[in-house]
Amino acid sequence: MGKILIRVFLLSLTLLFYTSVSAEDDVKQSLLDFFVELSGGVLPADPAFGWNQTSDPCKWTGIECSKQGTIKRVALEGLGLAGTLDKVGIICSVESISALSVQDNRIGGEIPDAFSDCNHLTHLYFARNKLSGEVPDSISSCLNNLKKLDVSNNNLSGELPDLSKISGLVVFLAENNNLTGQIPQFDFANLQKFNVSFNDLGGPFPDLHGRFDASSLAGNPHLCGKPLPNPCAPSVVPVR
């Protein structure tokens, strides 16, 4: 009986080991697939850069891990990447990742709805790329844990989703895009950084609760109300 228990124990350890190795390989492959799409199909030839199946992801360029060896942050910044974010759903499957930054590259295409699977993200940085299209509703409806969102200096257009749904948001930067419509009803008392300047936003100038000055809204010619010189048109009462 004792020998049988020992054999069962050893078999359990073996299965646990192979399961752990398999899970680690799956994480590596997810990250690699994401990087290939992000880079336009090109993997760096420099072995020191990492990003291959034979090395530890915690030693890859742009990867930060916890003391326990789980991946916490992916920061691929200023690397000249010129692909798309189309496979971001793959990286969303790595639930330990809380921050993703791809700022200061040449990434194009749209921000995909696949971010709806990234509800564990708290920091998201897309600044200074060539992204176009709209900011998807999935960011406001699914990324409930988001604290910082930077989509500034891109070619984004359309109306902003109702980002006020993200109660913990403390940073929102979207300056230098082509955004239209009105500014969502942010809780400006909680925001630490806010800037939507130089877009094509309109409607009433929001109450910034003394946290920010008019420069954070500058360059939007269709905004109206104090402290701007152009007053808002009176509301039209429908005829009955």
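If you check an unreviewed UniProt entry, the chain appears there as Leucine-rich repeat-containing N-terminal plant-type domain-containing protein from Aristolochia fimbriata. On record in UniProt, under Subcellular location (unreviewed entry), the comment for the chain is "Membrane".

J.: Explain the layout of surface pockets to me, and be specific about the residues and the numbers.
T.: Put simply, the largest pocket is a space of about 200 Å³. As for the largest pocket, its lining consists of 11 residues, and the residues nearest its centre are Glu24, Val27, Gly69, Thr70 and Ile71. The dominant element in the lining of the largest pocket, judged by the number of residues it contributes, is helix 1 (residues 2–38), at 3 residues. Among the residues forming the lining of the largest pocket, the class breakdown is 5 nonpolar, 4 polar and 2 charged.

J.: Any details on the sheet that holds strand 9 (residues 178–180)? Residues and values, ideally.
T.: Spatial ordering of the open sheet is given by 5-7-9, a layout of 3 strands whose pairing is parallel. Of all strands in the sheet, those with a lone pairing partner are strand 5 (132–133) and strand 9, marking the two edges. The sheet contact formed by strand 5 and strand 7 (residues 155–159) spans 2 bridges and is parallel. Bridge pairing links Ser132 to Asn155 in strand 7.

J.: Would you mind going over the pattern of salt bridges in detail, with residue names and values included?
T.: Think of it this way: side chains of opposite charge can pair up when their charged atoms draw near. Using the criterion set out here, one finds 3 salt bridges in the structure. Measuring nitrogen to oxygen at the nearest pair gives 3.6 Å for the salt bridge that ties Arg73 to Glu64. For the salt bridge of Asp104 with Arg128, the shortest nitrogen-to-oxygen distance reads 2.5 Å. Linking Asp104 in the loop between strand 3 (99–101) and strand 4 (123–125) with Arg128 in the loop between strand 4 and strand 5, this pair joins segments that are 24 residues apart in sequence. Looking at Arg128, the relative accessible area reads 35%, which means it is partly exposed. The network of salt bridges with shared partners includes Glu64, Arg73 and Glu77.

J.: Let's hear about the environment of Leu38: which residues, and what values?
T.: Mapped onto the elements, Leu38 comes out in helix 1. The class of Leu38 is buried, set by a relative accessible area of 0%. With residues near it in sequence (within four places) discarded, Leu38 still touches Leu76, Leu81, Ala82, Gly83, Thr84, Leu85, Val102 and Ile107.

J.: Give me the state of the cysteines: which residues, what numbers.
T.: Throughout the structure, instances matching the rule amount to 3 disulfides. Here Cys58 connects covalently by a disulfide to Cys65, the sulfurs 2.1 Å from one another. Sign of the S-S torsion, about -95° for the bond between Cys58 and Cys65, identifies this disulfide as left-handed. Accessibility expressed as a relative area gives 27% for Cys58, which makes it partly exposed. What makes Cys65 partly exposed here is its relative accessible area of 27%. One disulfide bridge connects Cys92 with Cys118, the sulfur atoms lying 1.5 Å from each other. Across the disulfide from Cys92 to Cys118, rotation about the S-S bond amounts to roughly -65°, and the bridge is consequently left-handed.

J.: Could you give me a rundown of the UniProt feature "domain: Leucine-rich repeat-containing N-terminal plant-type" (unreviewed entry) in the chain, with the residues and numbers involved?
T.: The positions UniProt marks with the feature "domain: Leucine-rich repeat-containing N-terminal plant-type" (unreviewed entry) are residues 28–66. Taken as a whole, residues 28–66 contains 28% helix and 8% strand, while its terminal C-alpha atoms sit 16 Å from one another.

J.: So what's going on with the sheet that holds strand 2 (residues 71–75)? Residues and values would help.
T.: The 7 strands lie next to each other as 1-2-3-4-6-8-10, forming an open sheet whose pairing is mixed. Two strands lie at the open edges of the sheet, namely strand 1 (63–65) and strand 10 (193–195), each paired on one side alone. Between one strand axis and the next, the sheet turns through 10° on average, direction left out of account. Here strand 3 runs beside strand 4; their pairing, made up of 3 bridges, is parallel. Along strand 4, the bridge assignment pairs Ala99 with His123.

J.: Outline the environment of Leu169, supporting the account with residue identities and numerical values.
T.: Take Leu169: it is sitting in the loop between strand 7 and strand 8 (171–173). Judged by relative accessible area, which is 5%, Leu169 ranks as buried. Note: C-alpha distance between Leu169 and Gln192 (23 residues apart in sequence) is 9.0 Å. What Leu169 contacts, discounting residues up to four positions off in sequence, is Leu146, Lys147, Lys148, Leu149, Leu163, Phe186 and Leu191.

Conventions and cut-offs
- Residues numbered from 1 in each chain as written.
- Predicted model: local features only at pLDDT ≥ 70, side-chain atom pairs only at ≥ 80, totals over all residues.
- Heavy atoms only, no water.
- UniProt positions renumbered as here; feature names shortened; annotations may be inferred.
- 1 Å grid on protein atoms, 1.4 Å probe; cavity = no way out; pocket = protein on both sides within 12 Å on 5 of 7 lines; lining within 4 Å.
- Points joined across faces, edges and corners; volume = space filled by probe spheres on them.
- Helix = DSSP H or I, 4+ residues; strand = E, 2+ residues; numbered from the N terminus.
- Nonpolar A, V, L, I, M, F, W, Y, C, P; charged D, E, K, R; others polar.
- Pairing = 2+ DSSP bridges.
- Salt bridge = Lys/Arg side-chain N within 4 Å of Asp/Glu carboxyl O.
- Buried < 20%, exposed > 50% of the residue type's maximum accessible area, 1.4 Å probe, protein only.
- Contact = heavy atoms within 4.5 Å.
- Disulfide = S-S within 2.5 Å.
- Axes fitted to C-alpha atoms, helices over the stretch in contact; angles between N-to-C directions.

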